[in-house]
Amino acid sequence: MTRTWTHSLKTLSAFVTGLAALSAVEAAALEFNSGDLVLAIYANSQEYYRNLGPASTVLAGPRVDIDLSGSPLNPLTVTAGSEPARWSLLSGQGTTQLNTFINTASAFTSAEIAAGQYNTGVVAVNSGMSGWRNALGLATGPGTEAVLPATDPASYTSSFGVGGTLSGTFTSAQQQGLFDQVLTMIKGQARVGTDFNVLSDVGRALLASNGLLSICGTPGCELQPVPAPAALILFGTGLIGLAGIAQRHRGANQPASMQMMERRSNNERSDI
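Since the model is a prediction, treat every value here as computed from it, not as a measurement.

### Regarding the overall build of the chain
A tally of regular secondary structure across the chain gives eight helices and 11 strands. Sorting the 272 residues of the chain into buried and exposed places 40% on the buried side. Within the chain, counting contacts between residues at least 6 apart in sequence, those at least 24 apart form 67% of the total.

### Quick word on the state of the cysteines
Structurally, a disulfide amounts to a covalent bond that connects the sulfur atoms of two cysteines. Under the counting rule described, the total for this entry stands at one disulfide. Between the sulfur of C216 and that of C221 lies a disulfide, 1.9 Å long from S to S. Handedness of the C216-C221 disulfide follows from its S-S torsion of about 80°: it is right-handed. In this structure, C216 and C221 share a single accessibility class: buried.

### Some details on the environment of V192
With respect to the element layout, V192 can be found in strand β9 (residues 182-192). With a relative accessible area of 36%, V192 lands in the partly exposed category. Sequence-wise, V192 and L98 are 94 residues apart; in three dimensions their C-alpha atoms are separated by 6.9 Å.

### A short note on the pattern of salt bridges
Under the counting rule described, the total for this entry stands at two salt bridges. Taking the shortest distance from any N to any O, the salt bridge between E145 and R50 comes out at 3.4 Å. With E145 in strand β7 (residues 144-149) and R50 in strand β3 (residues 46-54), the pair connects residues that are 95 residues apart, well separated along the chain. Of the two residues, E145 and R50, both sit in the buried class. Between R63 and D65 there is a salt bridge, with its nearest N and O atoms 3.0 Å apart. By relative accessible area, D65 is classed as partly exposed at 43%.

Cut-off values and rules
- Residues numbered from 1 in each chain as written.
- Predicted model: local features only at pLDDT ≥ 70, side-chain atom pairs only at ≥ 80, totals over all residues.
- Heavy atoms only, no water.
- Helix = DSSP H or I, 4+ residues; strand = E, 2+ residues; numbered from the N terminus.
- Buried < 20%, exposed > 50% of the residue type's maximum accessible area, 1.4 Å probe, protein only.
- Contact = heavy atoms within 4.5 Å.
- Disulfide = S-S within 2.5 Å.
- Salt bridge = Lys/Arg side-chain N within 4 Å of Asp/Glu carboxyl O.

Purely spatial values, then, with no claim about function.
Okay, here's the thing in structure tokens:
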């Protein structure tokens, strides 16, 4: 089964280079490096992925915005249907308990997960990420995208399921969200001293229904859907004003007999 992928490009020369690379690896799909944060959107038997780059970089700044609406893979379209689309963010790296950690987007905060006494498995999630990375099969960089059917053995849900439990390693079943839902970015460390599966809040993430993905990388930061541009609001207000002026102008230019008939009709309606 052929898998489709593309790479975000900013210049014409980079676009040409990308086309040449694409023709050389037409049958391969996205892979990500250890520690890369990956976005997955899945619904209606189709899945979309995007490599966002190293999680340490994405979560280092106050806010990162990525507009998916212009993607040639049309992630909002390919996953559309009767089933609501769900999305996840996930990264993992490390080879031993002392250096293994993950990042995941959750509907719960780390404190809520701890209070609920949910089971968590950082090492198991990292192993799942390694298996998914190997199944995808092509090393590429940040910005790379892919679309796969859910039935593909290399799909996200083939590795982690559709219930938000990360294949049962997080029993809270909330490691995913819906469009326009703000999720907490959680860092999970396999071991800190004598403690295992230590979780902490490291930011927030929001995937809006218009395709804008926003991530802020400071604990407790807040994200809100981006409002309509001020120019658009002013344009709409101007149209309403012009409509009112046109209505008044039309009334002023009517013959006196027509204006009298309209006033009589209005009076009759007010008497009913």
